[in-house]
Each structure stands twice: as structure tokens, then as C-alpha cells.
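# Summary of the model geometry
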Amino acid sequence: MSQLTPQLDAKLRTDAPVVFGAVTVSLPDYEVNLLDGSGVLAFGGRTYVGDDATFGTISEVEDLTDGAGDSAPAFSMTLLPASDAAAATLARPQMQGSPVMVWIGAVDELTGMAVPDPHLIFVGELDVPTLRSSEHGRALDYEVTSVFERLFEDDESARLSPGHHRSIFPNEAGLDYVTGVSQPVYWGIAGNPSAISYQNGAGLLGGVGGVFLDRIAEMQSR
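In this text, all values refer to a predicted model and were calculated from it rather than measured experimentally.

## Remarks on the overall build of the chain
- Scanning the chain for helices and strands turns up four helices and ten strands.
- Burial statistics for the chain: of 222 residues in total, 32% are counted as buried.
- The contacts of the chain with a sequence gap of at least 6 include a subset with a gap of at least 24, amounting to 59%.

As C-alpha cells, this is what we get:
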């Protein structure tokens, strides 16, 4: 059974569909919506362009791959910022963790519009930037990791202290007057198992890894 909508599935089964990839990067104070080529397309309440006036264009997108073992799905993306200021902004530490979404879809040649409901194939966040400069321009390589990357965090820097607690919950003073405990509390490291356990269910939103073109046939066959 196909994961795609009937309209998109039918379009992709035609002889020569016009396929596009679209990327949304939700920065702290700006949302970048880029296509993997020239043009303008609108869907999902957003307008995607091939060239953002501030943050430039997509130069390359590495194949999206499924994670295995102790790695989460990830890919690298190269942007060509429109200016040195834009490149510096994108490379700031505050950009790390910004949400990223990737779609694949098709264009209706008669209307010039996106076929309804492009397929969301990846949900993740910006990780590590690498800025490359030359006499002919600049490029910013960004590692993009899946939301599942959060599962590998071990909280080694966490401390059971008022200062660390307030760094996460500024208005919560529960540890301010705790000067000692009768039993050791293990925080951020493995410790003796407690007689009390807590269970909590949580839903995770993840993207399906895949390459814009190579995974279309696979998704249609499911």
C-alpha cells in the first residue's frame, strides 16, 4: 500500500513527472522555505522559493539515509547564503537545534501548482555548521539530524543542584534549600536501581529517511 496520497501517487506514476524537494528550516526569528531548484511553489500554508532573498539557495542535499545501530537518520545540506552577514547568522550557535522538515512532491504542469499533499519524508533539526569561504563566494554545510538523535543524549553535564535546576526551570525553587539527602541520588550516570520506578508513554514524530527520487518507488509499493 502506498504511503502517498492518491493524487500524488498517480502523478508520480506518469511517464515524466516534475518532482521537487522542499525544505523548511524554522530559525529562532525567521523561517526559510527553499526548493531544490528554481521557481515558486505554495503548499501547507507556506511559499517555497528557489532563492531566498536573505539566506540564498540550496546547493546540495546528501542522500537521506535510515539510521542503524547507535546512529539516528541524518543527512547534510549545503546552502549558498546571499551575503557574509547571512552566512554568519546561519552559523551562529543559536541556530543549532532549529527544526527542519523535508518534503518530496510533484508539480501539475497544467496549473503550475504542487499536487496536493507533498510527502513529508524527514523531521529533524540543525546540528553542526561548517562555513567554507573562497574568492568566488561562500558555502555553509549543515549536518541535519533526526529528532531521534535526542534519544542518544546521556545528560553527562546534568547536576542535581539548584543552579542547574534553575537553568532549566528558572522559576522553580524546589532545590534551593536542599542541603543533604539520606540516600545518594544518581544524576546523569548509572546508579543502583531504585525500588520505585516511573513509567510514562510518549509519542515521537519522526521522518522516513529516503532520497528525493530513489525512494519514490519504494514508498509506492508499501
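Having seen the structure, we can now continue with the description.
## Digging into empty space enclosed by the protein
- In total, this model carries two cavities of 30 Å³ or more according to the counting rule given.
- In this structure, the largest cavity encloses a volume near 40 Å³.
- Every residue lining the largest cavity is listed: Val25, Val32, Met77, Leu79, Leu90, Leu126 and Tyr142.

## What about unusual backbone geometry?
- One non-glycine residue, Asp117, adopts positive backbone phi at about 60°.
- With respect to the element layout, Asp117 can be found in the loop between strand E8 (113-114) and strand E9 (119-134).
- Of the residues examined, Asp117 reaches a relative accessible area of 51% and is grouped as exposed.

## So, the pairing of strand E10 (residues 137-146)
- Inspection of the sheet shows strand E6 (residues 74-80) paired to E10 by six bridges, in the antiparallel sense. Following the sheet pairing, Ser76 is matched in E10 by Glu143.
- The loop that links E9 with its antiparallel partner E10 comprises two residues.

## Focus on the nonpolar core
- With 22 residues, the main nonpolar core has Val25 and Leu27 as its most contacted residues.
- Among the elements of the structure, strand E1 (18-27), strand E2 (30-35), E6, helix H2 (84-90), strand E7 (99-108), E9 and E10 are those that each provide at least two residues to this core.
- In contact with Val25, not counting residues within four places along its chain, are Tyr30, Glu31, Val32, Met77, Pro99, Val100 and Leu126.
- Counting nine residues, the second-largest nonpolar core is a separate cluster that includes Leu35, Leu41, Val107 and Ala114.

## Thoughts on the pattern of salt bridges
- This model, assessed by the stated rule, comprises five salt bridges.
- In this structure, Arg46 and Glu31 form a salt bridge, with 3.1 Å as the shortest nitrogen-oxygen distance. With Arg46 in strand E4 (residues 46-49) and Glu31 in strand E2, this residue pair connects regions lying 15 residues apart in the sequence.
- On the basis of relative accessibility, which here comes to 22%, the residue Arg46 falls in the partly exposed class.
- By relative accessible area, Glu31 is classed as partly exposed at 33%.
- Where Arg132 meets Asp141, a salt bridge forms, and the shortest distance between an N and an O atom there is 2.7 Å.
- By relative accessible area, Arg132 is classed as partly exposed at 42%.

Reading guide: rules and limits
- Residues numbered from 1 in each chain as written.
- Predicted model: local features only at pLDDT ≥ 70, side-chain atom pairs only at ≥ 80, totals over all residues.
- Heavy atoms only, no water.
- Helix = DSSP H or I, 4+ residues; strand = E, 2+ residues; numbered from the N terminus.
- Buried < 20%, exposed > 50% of the residue type's maximum accessible area, 1.4 Å probe, protein only.
- Contact = heavy atoms within 4.5 Å.
- 1 Å grid on protein atoms, 1.4 Å probe; cavity = no way out; pocket = protein on both sides within 12 Å on 5 of 7 lines; lining within 4 Å.
- Points joined across faces, edges and corners; volume = space filled by probe spheres on them.
- Pairing = 2+ DSSP bridges.
- Core = buried A, V, L, I, M, F, W, Y, C linked by side-chain atoms within 4.5 Å.
- Salt bridge = Lys/Arg side-chain N within 4 Å of Asp/Glu carboxyl O.

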